[in-house]
Amino acid sequence: ADGYARSTGRTGVALVGAGVGLTNCLNALVTATKAHSRIIVFVGEVPGGGLRTTAAKLVAKYVDQRGLLDALAVRHVDLRTPESSPADVRACFELAARGGEVLVVSLPSELLEAESGDAPSNIQFDIPGPATGLSAADRHTIVEILQESVAASRTVILAGRGAVNAGARADL
């Protein structure tokens, strides 16, 4: 999914099983997250009312998927109702397209076995807007750094995607 997303600029999709299926793709997931790839990973969830429940923990291959994804700073969402699941999946694709990031979508087995509906999405995403550029204090700090580096024979400024997305290219 990451390779597809990087080579085409479109959203890549992967489907993995619950627990060990997710842990087997963690390296690729973290790599895609760091590269800001637009991918959605659909991951199964154990039956019994969701992860972190007593019933779920009795399953032989239990993994605290949410805790694992939180620790790795990977955004994740749970699909909760079959009535809104088609709209929820569309919302996930819209987030991936706008946000340019990895999203892991949990698919409870109870949801997969139910009939879907046409209710509106009930998923709320917090999508940060673009930064507004460098502040006067930031510009002053950059000038100070450059003045200190005058003695250097070669100065290199590494600015990440945040600086580019903020429109700070001219300021740098």
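All values reported here derive from a predicted model rather than from experimental measurement.

Some details on the overall build of the chain
Of regular secondary structure, the chain possesses 9 helices and 4 strands. In sequence order, the secondary structure elements of the chain are arranged as α-β-α-α-β-α-α-β-α-β-α-α-α. Per-residue burial over the chain gives 32% buried out of 172 residues. The contacts in the chain between residues at least 6 apart in sequence include a share of 76% that link residues at least 24 apart. When the accessible area of the chain is evaluated, it comes to approximately 10,500 Å², of which 55% is carbon and sulfur surface.

Description of helix H6 (residues 85-99)
The end-to-end C-alpha distance of H6 is 20 Å, a good match for the 21 Å that 15 residues give at a rise of 1.5 Å each. Within the sequence span of H6, burial applies to Ser85, Ala87, Asp88, Ala91, Cys92, Leu95 and Ala96. At the exit of H6 stands Gly100, carrying a positive phi of roughly 60°.

Notes on the packing of aromatic side chains
Summed over all chains, the structure comprises 1 aromatic pair. Between Phe42 and Phe93, the aromatic rings sit 6.5 Å apart at their centres with planes inclined by 40°, giving tilted as the arrangement. Here Phe42, found in strand E2 (residues 39-45), pairs with Phe93, found in helix H6; they are 51 residues apart in sequence, far enough to count as distant.

With respect to the side chain of Ser37
Mapped onto the elements, Ser37 comes out in the loop between helix H3 (26-34) and E2. Side-chain polar atoms of Ser37 contact the side chain of Asp2, separated by 2.4 Å. Leave out the neighbours within four places in its chain, and Ser37 touches Asp2, Ala5, Arg6, Ala32, Gly100, Glu101 and Val102.

Looking at unusual backbone geometry
Unlike most non-glycine residues, His36 shows phi in positive territory, near 55°. Within the secondary structure, His36 sits in the loop between H3 and E2. What makes His36 partly exposed here is its relative accessible area of 39%. Backbone geometry places Ala73, a non-glycine residue, at a positive phi of 60°. The residue Ala73 is located in the loop between helix H5 (65-71) and strand E3 (75-78) in this model.

Brief notes about the sheet that holds strand E4 (residues 102-108)
Spatially, the 4 strands line up as an open sheet ordered E1-E2-E4-E3, and their pairing is parallel. Of all strands in the sheet, those bounded by a partner on one side alone are strand E1 (12-16) and E3. Ignoring strand direction, the axes of neighbouring strands in this sheet form an average angle of 20°. Pairing geometry for E2 and E4, over 7 bridges, is parallel. Following the sheet pairing, Val43 is matched in E4 by Ser106. Across the sheet, H3 touches E2 and E4, and the angle it forms with E4 is around 135°.

Points about the confidence of the model for the chain
Residues with a pLDDT of 70 or more make up 81% of the chain, whose mean pLDDT is 80. Per-element mean pLDDT across the chain ranges from 61 in helix H4 (residues 54-57) up to 94 in E1.

Side note on the pattern of salt bridges
Evaluated as defined, the whole model comprises 5 salt bridges. Ionic pairing is found between Asp78 and Arg66, a salt bridge with its closest N-O pair at 2.8 Å. Here Asp78, found in strand E3, pairs with Arg66, found in helix H5; they are 12 residues apart in sequence, far enough to count as distant. A residue is classified by how much of its surface remains accessible, and Arg66, at 14% relative accessible area, is buried. Its relative accessible area of 14% is what places Asp78 among the buried residues.

The rules behind each value
- Numbers given to residues run from 1 along each chain, matching the order in which its sequence is written.
- Since the coordinates come from a predicted model, pLDDT governs what is reported: local features require at least 70, and pairs of side-chain atoms require 80 or more to be given and counted, while whole-chain, interface and lining totals use all residues.
- Derived side-chain values reflect all non-hydrogen atoms in the structure, with water molecules and hydrogen atoms excluded from consideration.
- Helix and strand definitions follow DSSP, with helices as H or I runs of at least four residues and strands as E runs of at least two, each counted in order from the N terminus.
- Using a 1.4 Å probe on the protein chains alone, a residue whose accessible area is under 20% of its type maximum counts as buried, one over 50% counts as exposed, and one in between counts as partly exposed.
- In this analysis, two residues are considered to be in contact whenever any of their non-hydrogen atoms come within 4.5 Å of each other.
- Per-residue accessibility takes into account occlusion by the displayed protein chains alone, with areas from the Shrake-Rupley method and a 1.4 Å probe.
- What a helix should span is 1.5 Å times the count of its residues minus one.
- A pair of Phe, Tyr and Trp rings is counted when the ring centres sit within 6.5 Å of each other, with Trp represented by its six-membered ring. The angle between the planes then sorts it: under 30 degrees is stacked, over 60 is edge-to-face, the rest tilted.
- Within 3.5 Å is the distance limit for a polar contact, defined as a pair of N or O atoms, with the added protein rule that one can donate a hydrogen and the other accept it, and that residues adjacent in sequence qualify only through two side-chain atoms.
- A pair of strands is labelled paired if DSSP reports no fewer than 2 bridges between them.
- Whenever a helix is involved, its axis is fitted only over the stretch in contact; in every case the axis is a line through C-alpha atoms, and angles between N-to-C directions fall within 0 to 180 degrees.
- pLDDT runs from 0 to 100 and stands for how confident the predictor is about each residue.
- Basic side-chain nitrogens of Lys or Arg form a salt bridge, by our definition, when they fall within 4 Å of a carboxyl oxygen of Asp or Glu.

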